[in-house]
Amino acid sequence: EISGLLDIRQMAEDQRVYLEVKIQEEVELNDLRKDLEEAVSQAKEATEMKGLLEKQLTKLEGMYESNQGQVQLLNAELEAVRTRHAEETEALQAALREDKTRLTARMEQSSIEEKKKLEKEIERVKEQGERSMEVLDANRQQQERVLRKTVEENERGMAAKEDEMRRLKERLQRAQEEEQAKREEVK
């Protein structure tokens, strides 16, 4: 009878040890599940962050390209201003030469009194031409300043966007590396 009791006691002890091992295995399995769920969650977050960074980078690249286009348009406009100024200057100089030639021809055929009037008229036309040239030149300079300033602002904006794109690309690279590490951790 004692032998039977000892056998029962041994079986109970074996059962207790077996249950403790099973409980420990279950606890470890639950810990592994929690770790896996956390790793999966972190991998998802890393993937979402990567997606957001890619969207930001795409948007920034679009803005950069738009600025490039604006700079090209402004440079073309600046060149058009210079061309238009040269054409207007040439036209004004031609008109002045024509007026001077016409007045000089009239002066040669005029009396002394008329010659004095014509000399005054020639001087007035000359002064008016100089003022017109000054106005044309001032307008051109002003237009060029405005356009150059706008170009410079766009170029500064492009440089800032280039810098921001570089930083975003670095962040994106880190996000991709982190995402890959999280995926490896999940595996």
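Owing to the predicted nature of the structure, the values given are computational and were not obtained by experimental measurement.

Let us now look at the overall build of the chain. Looking only at helices and strands, the chain features two helices and zero strands. For 187 residues, the compact-globule formula gives about 16 Å, and the C-alpha radius of gyration of the chain, at 44 Å, lies well above that figure. Going through the 187 residues of the chain one by one, you find that 20% of them count as buried. Within the chain, contacts between residues separated by at least 24 positions form 86% of all contacts whose residues are at least 6 apart in sequence. Computed over 36 positive and 47 negative side-chain charges, the separation of the two mean positions in the chain equals 10 Å.

Right, let's talk about a nonpolar patch on the surface for a bit. Taken together, Tyr18, Leu19, Ile23 and Val27 make up a surface patch of nonpolar side chains, about 380 Å² in accessible area. Relative to the helices and strands, Tyr18 resides in helix H1 (residues 2–108).

Counting 15 residues, the largest nonpolar core has Leu53, Leu57, Leu147, Met165 and Leu168 as the members making the most contacts within it. Of all the elements in the fold, those that place two or more residues in this core are H1 and helix H2 (112–186). When neighbours within four sequence positions are excluded, Leu168 is seen to be in contact with Leu53, Gln56, Leu57 and Leu60.

Our focus in this paragraph is the pattern of salt bridges. Within this structure, the stated rule accounts for 14 salt bridges. The residue Arg16 makes a salt bridge to Glu13 at a minimum N-O spacing of 2.3 Å. Here the residue Arg16 and the residue Glu13 both occupy positions in helix H1, the gap between them amounting to three residues, near one helical turn. Overall, the relative accessible area of 37% leaves Arg16 in the partly exposed class. Residue Glu144 pairs with Arg148 through a salt bridge whose shortest N-O separation is 3.3 Å. With a gap of four residues between them, Glu144 and Arg148 both fall in helix H2, about one helical turn apart. The network of salt bridges with common partners includes Arg82, Asp137, Arg140, Glu144 and Arg148.

Taken together, the side chains of Glu28, Asp31, Asp35, Glu38, Glu45, Glu48, Glu178 and Glu185 define an acidic patch exposed on the protein surface. Taken together, the elements giving at least two residues each to the negative patch come down to H1 and H2. Of all the elements, H1 adds the most residues to the negative patch, at six residues.

Topologically, Met49 is positioned in helix H1. Overall, the relative accessible area of 38% leaves Met49 in the partly exposed class. Along the sequence, Met49 and Glu179 sit 130 residues apart, while their C-alpha atoms lie 9.0 Å from each other. In this structure, Met49 is in contact with Arg171 and Ala175, ignoring residues within four places of it in sequence.

Further remarks concern the packing of H1 against H2. Where H1 meets H2, the closest approach of the two axes is 7 Å, and the angle between their N-to-C directions is 170°. Our classification of the angle between H1 and H2 gives roughly antiparallel. The residue inventory of the contact of H1 with H2, partitioned by class, reads 32 nonpolar, 18 polar and 27 charged.

On to the side chain of Lys182. Following the sequence through the fold, Lys182 ends up in helix H2. Lys182 sits in the buried class, given a relative accessible area of 17%. Setting aside its immediate chain neighbours within four residues, Lys182 contacts Ala39, Gln42 and Ala43.

Thresholds, definitions, all that
- Per-chain numbering applies: the sequence of each chain, read as written, is numbered from 1 onward.
- Reporting of local features is limited, given that this is a predicted model, to residues whose pLDDT is at least 70; pairs of side-chain atoms are given and counted only at 80 or more, and all residues count toward the totals for whole chains, interfaces and linings.
- The basis for every side-chain value is the complete set of non-hydrogen atoms in the structure, without hydrogens or water.
- Runs of H or I in DSSP of at least four residues are treated as helices and runs of E of at least two as strands, each being numbered from the N terminus.
- Just to be clear, the radius of gyration here is over C-alpha atoms, and the globule rule we use is 2.2 Å times residues to the power 0.38.
- The buried label goes to any residue with under 20% of its type's maximum accessible area, the exposed label to any with over 50%, and the partly exposed label to all in between, with areas taken from a 1.4 Å probe on protein chains only.
- We call two residues contacting when some pair of their heavy atoms lies within 4.5 Å.
- Under the convention used here, Asp and Glu are negative, Lys and Arg are positive, and both His and the chain ends fall outside the count.
- Working definition for charges: the position is that of NZ of Lys, CZ of Arg, CG of Asp or CD of Glu.
- Within this analysis, patches are made of residues with over 30% relative accessible area and no salt bridge. Like charges are joined at 9 Å or less; nonpolar side chains (Val, Leu, Ile, Met, Phe, Trp, Tyr) at 5 Å or less.
- Note on areas: Shrake-Rupley with a 1.4 Å probe; residue coverage comes only from the protein chains shown.
- By salt bridge we mean one thing: a side-chain nitrogen of Lys or Arg within 4 Å of a carboxyl oxygen of Asp or Glu.
- Put simply, a nonpolar core is a bunch of buried Ala, Val, Leu, Ile, Met, Phe, Trp, Tyr and Cys residues held in one set by side-chain atoms that sit within 4.5 Å of each other.
- Each axis is a line fitted through C-alpha atoms, taken for helices only over the stretch in contact, and angles between the N-to-C directions span 0 to 180 degrees.
- Any angle that is under 35 degrees is reported as roughly parallel, and any over 145 degrees as roughly antiparallel; angles of 65 to 115 degrees are reported as roughly perpendicular and all others as oblique.
- In this count, Pro and Cys sit with the nonpolar residues alongside Ala, Val, Leu, Ile, Met, Phe, Trp and Tyr, while Asp, Glu, Lys and Arg are called charged and the others, Gly among them, polar.

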